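Residue-level listing of the chains:
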Amino acid sequence: MAGTVTVPGSSVPSTPLLKDELDIVIPTIRNLDFLEMWRPFFQPYHLIIVQDGDPSKVIKVPEGFDYELYNRNDINRILGPKASCISFKDSACRCFGYMVSKKKYVFTIDDDCFVSSFLTFPLHKSKLPSFPSRSCWRLFEFCADPWEV
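Predicted, not measured: the structure shown is a model, and the values here were computed from it. (Residues numbered from 1 in each chain as written. Predicted model: local features only at pLDDT ≥ 70, side-chain atom pairs only at ≥ 80, totals over all residues. Heavy atoms only, no water.)

1. Let's talk about the pattern of salt bridges
- Counted according to the given criterion, the structure contains five salt bridges.
- The residue R30 makes a salt bridge to D111 at a minimum N-O spacing of 2.6 Å. In this pair, R30 sits in the loop between β3 (22-28) and α1 (35-42) while D111 sits in the loop between β6 (105-108) and α4 (138-141), placing the two residues 81 residues apart along the sequence.
- Exposure remark for R30: the relative accessible area of 36% places this residue in the partly exposed category.
- By relative accessible area, D111 is classed as buried at 9%. (Salt bridge = Lys/Arg side-chain N within 4 Å of Asp/Glu carboxyl O. Helix = DSSP H or I, 4+ residues; strand = E, 2+ residues; numbered from the N terminus. Buried < 20%, exposed > 50% of the residue type's maximum accessible area, 1.4 Å probe, protein only.)

Encoded structure:
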């Protein structure tokens, strides 16, 4: 079904959560072939890709994604003399993606992050809307539902 995501471990398609409220920011120095493995999760969302490094290098994005691509030349043009506040010596260029997003929530992922084989637990709709208001160190250490522990 177009515009839906099938939750891993489930054959039931679900409507993408926060679809109109979430941007995904990706700082990158390479082609974004890694997005193919994230397609079931990311395709319904708008991507903001910020190219780190040489702006003359062409970054290839797989077809079928809704995205904006910015590089250093774009940032210089948009920010003018204040462009130096966006570092391009590390993945801090993602800050520009945060700045241009017009959505309520921003998710960021590096271009060398891959889908884990552990990502088979069911995601509950009731959990995601509460995510921005909670923080739990277990979320980053274990692949479990930290609010069920």
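2. So, the pairing of strand β4 (residues 46-51)
- Counted residue by residue, β4 has six buried out of six residues, so it is predominantly covered.
- Neither face of β4 is left uncovered, since the one carrying H46, I48 and V50 and the one carrying L47, I49 and Q51 both have all their residues buried.
- Sheet analysis places β3 next to β4, joined by six bridges and oriented parallel. Each residue of the ladder has a partner; that of I26, found in β4, is I49.
- Of the strand pairs in this sheet, β4 and strand β5 (residues 66-70) are connected by five bridges, and their pairing is parallel. Looking across to β5, one finds that I49 is bridged to L69. (Pairing = 2+ DSSP bridges.)

3. Considerations on the side chain of T28
- Its place among the elements puts T28 in strand β3.
- One polar contact links T28 to D111, side chain to side chain, over a distance of 2.6 Å.
- With near-sequence residues (within four places) excluded, T28 lies in contact with I49, V50, Q51, D52, I59 and D111. (Polar contact = N/O pair within 3.5 Å; in protein donor to acceptor, adjacent residues only side chain to side chain. Contact = heavy atoms within 4.5 Å.)

It is worth stressing that arrangement in space is one thing and function is another; only the former is reported here.
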